[in-house]
Amino acid sequence: MKYSRLLSAIMTGRWMIRPEDVIANDTIIRKLLDRQFNTEEYNSILSDKRPFEVLLSADHTSKVRAEGSQYDSLPNKSTAIFSLTGTMLKYGTWCSYGTQEVADAIREAVSHPKIDSVILDIDSGGGAVDAIPPMVEVIQYAQSLGKPVIALVDLCASAAYFTAVHCDEIIANNTISSEIGSIGVMMGFRDYSEYYAKNGIKEHVIYSSHSDWKNLPFRQAIEEPKEGEDRYALLRSEMLDPLAVEFQNTVKAKRPGLKSDVDGIISGRMFFASQALDNGLIDSIGNMQTAVRRCKDLSVIYQYKFSK
């Protein structure tokens, strides 16, 4: 069921997300657990009710369904504009498109000869770690075809920023609300053992004698720690730290002008647009028209490189 996908992602996933977004989603989590979102409406996904659409002009007025045939009548060298908003999840839910759906739509667009560039219009505080690979893969696919990808960002944090750094350029769309950063990884889970015990439920979990590492980080996290012991040590070292280091290394590789000595810049700090520009997190500050112009400039550069 699509519903269980959402609950599973929320309850068991690893996240690159701002803490504010975690708090904002707490009401949804509680309602999911209480089965308040258990009707047919919530078992559908958004794309079933509203097919994914793509903008095709800088004035945000031309919008078509994201299908290859829709691009046939476009002028040559058109720019396709895709939105990446809200909490990023790999698969679509009743209230959001999944990054797999967004990536599929982008792939179809850049495969069409009338589309020569893409703008990712990002307004997201991040999301699930597994939501990132589909976006990275399709950005690289577009670039392999000689079609640049620009990230135009308002809120661009954590997983959203991990996505944006793979684009050819990052442009903040204003100096008032645009925030960039939150380079870090977190996870959370709920321990229901006391709840079960209070309701007379005793849980028995048995592991094979040949499976001593099976779920060990989680087992240590829920067991009462010995004095001076960090119950989350294995979760950090086995599941979170490798992702955090990968995130940091990717940002440093993709952003050669990054001022990595700025306090907190690769360990979770957020920056407004002007600070982000000064610190090398983004390339410029502009608007949609700025992004479209840069797409055209970069498209010419790509064509020159591909023609050599």
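Our subject is the structure that appears above.
Residues numbered from 1 in each chain as written. Predicted model: local features only at pLDDT ≥ 70, side-chain atom pairs only at ≥ 80, totals over all residues. Heavy atoms only, no water.

## Overview of the overall build of the protein chain
Note the following rule: Each helix is a run of H or I in the DSSP string that is no shorter than four residues. Each strand is a run of E no shorter than two, and both are numbered from the N terminus. Partly exposed describes any residue whose relative accessible area lies between the buried limit of under 20% and the exposed limit of over 50%, with all areas from a 1.4 Å probe on protein chains only and scaled to the type maximum. Any two residues whose heavy atoms approach within 4.5 Å are treated as being in contact. Per-residue and other accessible areas follow the Shrake-Rupley method at a 1.4 Å probe size, with only the shown protein chains counted as cover for residues.
What the protein chain contains, in helices and strands, is 12 helices and 12 strands. By the burial criterion, 46% of the 308 residues in the protein chain qualify as buried. Expressed as a percentage of contacts within the protein chain between residues at least 6 apart in sequence, the contacts between residues at least 24 apart total 73%. If you sum the accessible surface of the protein chain, you get close to 16300 Å²; carbon and sulfur atoms cover 50% of it.

## Here we look at the pattern of salt bridges
Counted only if it meets this: For this document, the term salt bridge refers to a Lys or Arg side-chain nitrogen within 4 Å of an Asp or Glu carboxyl oxygen.
The full count for this structure, using the stated rule, is seven salt bridges. Arg107 is paired through a salt bridge with Glu137; the nearest N and O atoms lie 3.5 Å apart. Of this pair, Arg107 sits in helix H5 (residues 99–110) while Glu137 sits in helix H6 (residues 132–144); the two residues are 30 residues apart in sequence, bridging distant segments of the chain. Salt bridges sharing common partners tie together Glu169, Arg294 and Asp297.

## Description of the environment of Lys90
Residue placement: Lys90 occurs in the loop between strand S4 (78–85) and H5. Classification of Lys90 as partly exposed rests on a relative accessible area of 25%. Taking the C-alpha atoms as reference points, Lys90 and Met135, 45 residues apart in sequence, are found 9.4 Å from one another. Excluding its chain neighbours within four sequence positions, the residues that come into contact with Lys90 are Gly98, Thr99, Gln100, Asp130, Ala131 and Pro134.

## Examining helix H10 (residues 233–254)
Condition: Helices are assigned an expected span. That span is 1.5 Å times one less than the residue count. Bending is quantified residue by residue as the angle between axes fitted to the seven-residue window ending at that residue and the seven-residue window starting at it.
The end-to-end C-alpha distance of H10, which contains 22 residues, comes to 30 Å, matching closely the 32 Å that a straight helix rising 1.5 Å per residue would cover. The largest bend in H10 comes to about 45°, at Leu240, with the proline Pro242 one to four residues further on. Of all the positions in H10, only Leu234, Leu235, Met239, Leu240, Leu243, Phe247, Thr250 and Val251 are classed as buried.

## Here we look at the side chain of Ser124
Residue position: Ser124 is located in strand S5 (residues 115–124). Setting aside residues no more than four positions away along its own chain, Ser124 makes contact with Leu84, Thr85, Gly86, Met88, Leu155, Cys156, Ala157 and Ala160.

## Remarks on the pairing of strand S8 (residues 169–172)
Test applied: Note on handedness: a crossover is taken as right-handed if, strands pointing away from the viewer, the path from the first strand over the helix to the second is clockwise. The pairing criterion for strands is at least two bridges between them, as found by DSSP.
Burial along S8 is two-sided: Glu169 and Ile171 facing one way and Ile170 and Ala172 facing the other are all buried. In this region the chain leaves strand S7 (residues 149–157), passes through helix H7 (residues 159–164) and returns to the parallel neighbour S8; the handedness of that crossover is right-handed. Note: S8 against strand S12 (residues 284–285), two bridges, orientation parallel. Pairing of Ile171 across the sheet is with Ser284, part of S12.

## Notes on the nonpolar core
Using the following cut-off: To define a nonpolar core, start from buried Ala, Val, Leu, Ile, Met, Phe, Trp, Tyr and Cys residues and group those joined through side-chain atoms within 4.5 Å.
Counting residues in each nonpolar core, the largest one holds 60 residues, and the members touching the most others are Phe82, Tyr161 and Leu281. Ignoring sequence-local partners within four residues, the contact set of Tyr161 consists of Cys156, Ile170, Ile180, Gly181, Ile183, Phe247, Val251, Arg255 and Leu281. One finds Ile119, Ile150, Ile171 and Val292 within the second-largest nonpolar core, a separate group that totals 11 residues.

## Here we look at the environment of Leu216
Relative to the helices and strands, Leu216 resides in helix H9 (residues 216–222). The class of Leu216 is buried, set by a relative accessible area of 16%. Separated by 19 residues in the primary sequence, Leu216 and Leu235 have C-alpha atoms spaced 8.7 Å apart.

## Some points on the packing of aromatic side chains
Here is the rule: For this analysis, a ring pair means two rings from Phe, Tyr or Trp (six-membered ring only for Trp) whose centres lie within 6.5 Å, classed as stacked if their planes differ by under 30 degrees, edge-to-face if by over 60, and tilted for the remaining angles. Note on criteria: charge over ring means Lys NZ or Arg CZ within 6 Å of the ring centre, with the direction from the centre no more than 35 degrees off the ring normal.
Applying the stated criterion to the full structure yields one aromatic pair. The ring of Tyr141 is capped by Arg107, whose NZ or CZ atom sits 4.3 Å from the centre of that ring. Over the ring of Tyr207 we find Arg219; its NZ or CZ atom is 4.5 Å from the centre of that ring.

## Details of a nonpolar patch on the surface
Rules: Put simply, a patch holds well-exposed residues, over 30% relative accessible area, that have no salt bridge, with like charges counted together within 9 Å and Val, Leu, Ile, Met, Phe, Trp or Tyr side chains within 5 Å.
Residues Tyr195, Tyr196 and Ile201 make up a contiguous nonpolar surface patch of about 310 Å² in total accessible area. Along the chain, Tyr196 falls in helix H8 (residues 193–198).

## Section: helix H12 (residues 288–307)
Our working rule: Here a polar contact means two N or O atoms within 3.5 Å. Within protein one must be a hydrogen donor candidate and the other an acceptor candidate, and residues neighboring in sequence count only if both atoms are side-chain atoms.
If you check H12, its first and last C-alpha atoms are 28 Å apart, about what 20 residues at 1.5 Å a residue would give, namely 28 Å. Buried within H12 are the following residues: Met288, Thr290, Ala291, Val292, Cys295, Leu298, Ser299 and Tyr302. Among the structural elements, S4, S5, H6, S7 and S8 are those in contact with the buried residues of H12. Capping the start of H12 is the job of one residue whose side-chain oxygen sits 3.1 Å from the backbone nitrogen of Gln289: Asn287.

## Some details on unusual backbone geometry
One non-glycine residue, Ser158, lies in positive phi territory at about 55°. Judged by relative accessible area, which is 0%, Ser158 ranks as buried. We note that Ser182 has phi near 55°; this positive angle belongs to a residue other than glycine. For Ser182, the position within the fold is in the loop between strand S9 (179–181) and strand S10 (186–187).

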